[in-house]
Amino acid sequence: MLLKTPTPQRRRRTCHALSLLTLAALLPSLATAQGTAQGTSQGTGRATGLSTTLESSLTYIDTRRFDTAPSLRELTTELRPGVQFSSRSGRVQGVASYSLGLLHRSRTNPAFEAQHQLAASLTGQVIENFAYVDVSASIGRQSISPFGQQATAEQRSNNPNQQEVGTLTITPSLRGTLGGLAFYDLRLTASGTNTRKSTAGDSTSTGGSLSLNSANRGALVGWGLN
């Protein structure tokens, strides 16, 4: 009686081209993230710093339809260099980061597109302990109409309802004391919003505020006026 030992079957090796391409595209991002983490750990004591970033991605989108129409397939390649500034001391404090996204889509006309992304919040001391300027700015993609096609800002597919929206707010202020009797804070604010390739969401506004508060903040009874 002969006993046959079962021969182990060879495992099939499958190669997913898209996965390999995505991994290859993400390698620069991983290297940048590692370098940024090392720089942060080594320069923990630095209060002010300027760093650069570089990200890349490869996205494949396959849109299926319920009817007999053919599906839509699109391949999007993105390269996003950027720079970031941060300060925790000195006359200027805050964080500002900017990146430029260079996209190429296989089905969209035009195929190439540049997307700006900005987030900044800075405070400058013009005159020490007296005059200040607060600046906040942002640029990002948003839906310009609530009735149009909705999508997240990170979605790589082309959406005509999304446009770049930029905002800028500048607030100069005077802060100090009045003869040791009260603290004062006088502010003027000017802000504006601009939508790229559209005027639907454009707006400007100005305003001001004045606040007075009792100088002795540790007293049982205080007063304030806004």
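Residues numbered from 1 in each chain as written. Predicted model: local features only at pLDDT ≥ 70, side-chain atom pairs only at ≥ 80, totals over all residues. Heavy atoms only, no water.

(A) Molecular detail of the pattern of salt bridges. Applying the stated rule across the entire model yields 8 salt bridges. With its nearest N and O atoms 2.8 Å apart, the salt bridge here joins Glu78 to Arg80. Notably, a salt bridge pairs Arg187 with Asp185, separated by 3.2 Å at the nearest N-O pair. (Salt bridge = Lys/Arg side-chain N within 4 Å of Asp/Glu carboxyl O.)

(B) Quick peek at the sheet that holds strand S9 (residues 224-225). Spatially, the 9 strands line up as an open sheet ordered S1-S2-S3-S4-S5-S6-S7-S8-S9, and their pairing is antiparallel. At either end of the open sheet lies a strand with only one pairing partner, and these are strand S1 (48-63) and S9. Two strands pair when backbone bridges link them, and S1 and strand S2 (residues 72-87) are joined in this way by 16 bridges, in the antiparallel orientation. Along S2, the bridge assignment pairs Thr53 with Gly82. (Pairing = 2+ DSSP bridges. Helix = DSSP H or I, 4+ residues; strand = E, 2+ residues; numbered from the N terminus.)

(C) Layout of the packing of aromatic side chains. As enumerated under the stated definition, the model contains 0 aromatic pairs in all. Over the face of the ring belonging to Tyr132 we find Arg175, whose NZ or CZ atom lies 4.2 Å from the ring centre. (Phe/Tyr/Trp six-rings, centres within 6.5 Å; stacked < 30°, edge-to-face > 60°. Lys NZ or Arg CZ within 6 Å of the ring centre and 35° of its normal.)

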